[in-house]
Amino acid sequence: MKKQREKIGHLLKMTPENHSCWLQRKIAKVCRRKIIIEKEKKGCYRRLLQCIGFGKSKPDRHLNLNGQTIPKRFANNKIRNQKYYVLTFVPVVLINQFKFFFNLFFLLIAVSQFVPFLRVGFLFTYIAPLAFVLLITMMKEAYDDFQRYRRDKEINEKQYEKLQGDGQFGFIKSEKIKVGDIVKVNQNERIPADMVLLYTTKHESSNIFIRTDQLDGETDWKLRKSITFTQEFHHHGGNLIQLCEAKVISEPPSALIYNFKGKFCRDQDNDTDSDERLTLENTLWSNTVLASSGYILGLVIYTGNETRAQMNSKNPNSKVGLLDLELNFLSKLLFVLMVLLALTIVISDGFHANWYIYLFRFVLLLSSIIPISLRVNLDMAKIYYSWGIAKDVEIKGTIPRNSTIPEELGRIQYLLSDKTGTLTKNEMDFKKLATEFSTFTVDDLDDIRNIIEKNCHDEDSPAKDLYRALYPTEEDLDLTKTGSKGKSNTMRRKKRRDLNYSIRDLATALAICHNVTPVHNNEGERELQASSPDEVALVKFVESLGYSLERRDQKEIIIKNKIGVMEEFEILECFPFSSDTKRMGIVVKYKKNGLILFFCKGAEVVMKDKVKPQQRSDLLEKCEILAMEGLRTLVIGQKVLSIDEYETWTNRYRKALNDYDRGDYLAAKVRDELETNLDCLGVTGVEDKLQDDVEKTIGSLRGAGIQIWMLTGDKVETATCISISTGLKSRSQPHFFMKEIDNLNEAEFRLKELERNVENSCFMIDGNTLDVCMSNKNTEETFFEIACKAPVVCVCRCSPTQKAIITRKVRKYTGKRVACVGDGGNDVGMILESNVGIGIVGKEGKQASLAGDFSINQFSFLTRLILWHGRLSYKRSALLSQFVIHRGLIISVMQAVFSLVFYHVSIPIYNGFLMLGYSTVYTSLPVFSIVLDKDTGVQQALDYPPLYKTLQKGRSLSFKTFLIWVWKSIFQGGFIMFCCIALFNDSFANLVTITFSSLIIVELLNVYSFVNRFNWKMGVASLLTLLIYIITIYSFRGYFDTSYINGTFLWKIFALTFASWLPLHAYKVIYECFDPPEQKKILSGKSYR
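What counts, and where the lines are drawn
- Residues numbered from 1 in each chain as written.
- Predicted model: local features only at pLDDT ≥ 70, side-chain atom pairs only at ≥ 80, totals over all residues.
- Heavy atoms only, no water.
- Patch = residues over 30% accessible without salt bridge, like charges linked within 9 Å, V, L, I, M, F, W, Y side chains within 5 Å.
- Areas by Shrake-Rupley, 256 points an atom, 1.4 Å probe, with all protein chains shown as cover.
- Salt bridge = Lys/Arg side-chain N within 4 Å of Asp/Glu carboxyl O.
- Helix = DSSP H or I, 4+ residues; strand = E, 2+ residues; numbered from the N terminus.
- Buried < 20%, exposed > 50% of the residue type's maximum accessible area, 1.4 Å probe, protein only.
- Pairing = 2+ DSSP bridges.
- Expected span 1.5 Å × (residues − 1).
- Contact = heavy atoms within 4.5 Å.
- Phe/Tyr/Trp six-rings, centres within 6.5 Å; stacked < 30°, edge-to-face > 60°.
- Axes fitted to C-alpha atoms, helices over the stretch in contact; angles between N-to-C directions.
- Parallel < 35°, antiparallel > 145°, perpendicular 65-115°, else oblique.

Enquirer: So what's going on with a nonpolar patch on the surface? Which residues, and what values?
Expert: A contiguous nonpolar surface patch, about 480 Å² in accessible area, is contributed by Val921, Leu925, Leu1024, Leu1027, Ile1028 and Ile1031. Counting residues per element, the nonpolar patch draws most heavily on helix α36 (residues 1016-1035), which supplies 4 residues. Looking at the secondary structure, you find Ile1031 in helix α36.

Okay, structure coming up:
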């Protein structure tokens, strides 16, 4: 483009005025036309990219309160979570099913039967099994989709009230709500679309609470506030729709549920002085629920698939179990075996003309080798396992959210666990309070109360010493001039404040700097509601000191001090806690004397740079001491502002907030200026209680051969104590620390030191050092190679992103099955990255629980979930899948023998009815009853964790076991066929009845022979199947020749059956006498290696 413009200019410039330049001007004209065409093309491409979600972002939305909007068109509010449409249901399901090798293979087999010279039997024989599998799948998908349709319909037809032009309310369905509507929502009603809060009946505070557990999984209520202007206008009788000039400007749709950028303008002139900036606190996202009493009015800003809830409702990545991958490999081996067997028959007959057609016909005859019913049996078995987990009363509340991988619980070799709320209860108990003067414990609480009470009697406000310094009286000035050693002069000379002042200010800070609101429930009882259990714990602690939170709203906080005096504070600014800032701040004004105070609390890692330089070393020392005792620390700081200082600062802060595009960034910069040179009031140390039986659980899991990693955001010192108290570190294991390393060479040197004794070390590393190790590809590989050999690894100061990366890398470098367990939103990443994600329903909410493949209520449930249910599911699935493979393989071997003996004839030995009955009514119940098998009792599995370790070798389902089952099938199938021909040489007409009857009885006996513990349910299934078979023999005489059935006939049948079954059964019994299975060795007390 640029070169073409330069060319045009050059041509026009170089043309002489007195010279003919038609050709040059013609070239310039053509070039101009090319530029116009390219611009039009780029415009088309840009519009196309925008249509499919790329290109330039969408513009901001301008929504007038009278319903007029810019732009005009938006997504409708109809919710649709169905996977299919009526017209596309069958095609989509079929496409998804034929992606599997089994189904595609049998589809090709069925299609081949429409070719006359390839047909080897009844078409029904080949279509029926495939149709049966597809029918079951379609019925399941249709039922699930119908349930989704019913849920969507209930939500879409929910009635809401919409504010109309005359000020009255009219009913409207949820699916009819549009952007720009003003909708009324009552208590305990679902928010139908994303809205901005205009008005609430809680006029005194203009605040409401919403429940967001269906959006973000957090169970604590969230505080929201209405727009100040619309709140006052509607409260005084105004009709919001009549505010024709007022509008809300909102950002384009986004998936970020914790961010929002908008602005409320009173008139079309966009006067910034009267504008009100809108943030997350002014919004109500769809699928949240109004918890406060009364009702609210909200302006709809996003609808349908543009709401935050819909944009975050992504389908989770489907996880494939290791057992499924192994069976997929074995199915390919079976295919090769089938082709080799067919090729053997053709070769034995010689390569005649059209031999390849005969080869294909034999492949069709032997297609039973590929067990199409395997997936159906396994899916039903997995559903049964999941049902058993959900119904286990010993782990009540456990929910299997992913029913496709229950057997993965039996293959775990690495368990990555969060700490707070997972290994601990997330219930905080106050243990210590460290101040500049001394450290107080629980036993010293009475001393703290006495100090606070004394100061409340002596002084009428908090920070009174600082107030005198800031606003000295004439008496103070006189004392200063005369050099008297009065209070003011003494205070000015002191480097440290008096203990009674700092202790009272510390209590005041804990009573004010939080987001806790006292509410009353339906029974009239007082409750403390907050977005974090830590906040509630601290407020309850300060109430135990005598400071009671009486009232809190958007404008003020009222607390009752130790002597019963009400202290009223006006809230000037509030900076909520976030995971990015790791701190919270609040600016308040004490109404009695106008003193402006700024309180700030946060993690030591950020607060160490906020306090005065002379206090930093003492602060770090106290935090380290508390952390070494396993306590969680919180630093509290304070700053006194003069009126001039505050007004100067707040003007700059307001100006920064009103910047629509860069408001958050500029406001954060101004806020950082306020958070300097804080007085450190003290450090609180709280203990997070351990989960019940956490030490016993960790011991059992380690005894089962599972290596445990603890990933936590706490300091190294805190994690060190937790590793000891939870039993992660044994007494004989020393700690090996890698922390505060910022040099790659040093990290490599420390890794070499660790490698010398890694198998007997508790490896402790912090997040920064981990980043250094992962900054180089070779070092990263070395790190995980060494770390994965350690019995215990603790990663401290670990971010949510690092947790997910660690999970991914452990899977990559070990190739082992990794399980992750956590309870908070910061654990969702690693749960999704793991082979098995386990979420704990905790005080932080249900985010991890909803994201996990399994949901449990406490950490100790892992013992029973993994060592019993996981082990049992894997062993049952391994035996069931191999038995189903054997069932198809044995009948194919009989078909091959039949074709070889009878002159290589390519006709089926059994017709379609018998083939279908063999894989369904005649064997399905006995074979499926294998899911009831147990090799040991539940208590033995829990008492002997090494039983689980035997599964990690993968011996239950391997290439070796596959070959053993192939040999069993060849032996039994060949023995039945050859012996039948030898014993019944005068009854070839009855060959079908004889061999098929023997086959059915042998399969029933095989169930008894190869299960670990035969129970009465298996016996009932076998007897019922045998009874059904006897009935069908006499009911369908067209398929069976019953004229020769007599005593001699039956005797020979049973002799043939037992001769083919008894050798294998006897060999198994004798072999186990000399070399028992590993579980019997462990239970008998023999050493296990």
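Enquirer: Explain the pattern of salt bridges to me, using residue names and the numbers behind them.
Expert: One pass over the structure, following the stated rule, counts 41 salt bridges. For Lys263, the salt bridge identified is with Asp275, shortest N-O distance 3.9 Å. One end of the pair, Lys263, is in strand β10 (residues 262-265); the other, Asp275, is in the loop between β10 and β11 (276-278), with 12 residues separating them in the sequence. The class for Asp275 is buried, based on a relative accessible area of 11%.

Enquirer: I'd like a rundown of the pairing of strand β14 (residues 295-302), residues and numbers included.
Expert: Of all 8 residues in β14, 7 are buried, a share of seventy percent or more. Where strand β5 (residues 182-186) meets β14, 5 bridges bridge the pair, whose relative direction is antiparallel. Note on β14: the bridge partner recorded for Lys184 is Leu297. Here 6 bridges tie strand β6 (residues 194-200) to β14, and the two strands are oriented antiparallel to one another. Within β14, the position partnered with Val196 by the bridge is Leu299.

Enquirer: If you had to explain helix α8 (residues 322-349) to someone new, which residues and values would you point to?
Expert: Along an α-helix, residues three or four positions apart point the same way, because every turn accommodates 3.6 residues. Taking 1.5 Å per residue, 28 residues should reach 40 Å; α8 reaches 41 Å between its end C-alpha atoms and fits that length. Buried within α8 are the following residues: Leu323, Glu326, Leu327, Leu330, Ser331, Leu334, Met338, Ala342, Ile345 and Val346. Buried-residue contacts for α8 involve α4 (101-112), α9 (355-365), α10 (374-390), α29 (861-901) and α34 (959-983). The first or second residue beyond α8 is Gly350, which carries a positive phi of 90°.

Enquirer: Lay out the packing of aromatic side chains with the relevant residues and their values.
Expert: For the coordinates displayed, the defined rule picks out 34 aromatic pairs. Considering the side-chain rings of Tyr467 and Tyr471, the 5.2 Å spacing of their centres and the 55° angle between planes classify their relative orientation as tilted. What makes Tyr467 buried here is its relative accessible area of 19%. Taking 5.2 Å as the distance between ring centres and 75° as the angle between the ring planes, the aromatic pair formed by Tyr1008 and Phe1014 counts as edge-to-face. Using a relative accessible area of 42% as the deciding quantity, one classes Tyr1008 as partly exposed. One aromatic cluster is present, formed by Phe575, Phe598, Tyr646, Trp649 and Tyr653 through successive ring pairs.

Enquirer: Before we move on, can you summarise the packing of helix α35 (residues 991-1010) against α36 with the specific residues and values?
Expert: α36 packs onto α35 with a crossing angle of 170° between their chain directions and a minimal axis gap of 10 Å. The orientation of α35 with respect to α36, classified from their angle, is roughly antiparallel. The residues of α36 that touch α35, namely those facing Thr993, Phe996, Ser997, Ile1000, Ile1001 and Leu1004, are Ser1022, Thr1025, Leu1026, Tyr1029 and Ile1033.

Enquirer: Before we move on, could you go through the sheet that holds strand β13 (residues 289-290) and cite the residues and values that matter?
Expert: One open sheet holds the 3 strands; their spatial order is β8-β7-β13, and the pairing between them is antiparallel. Edge positions in the sheet fall to β8 (222-225) and β13, since each has one partner strand and no second.

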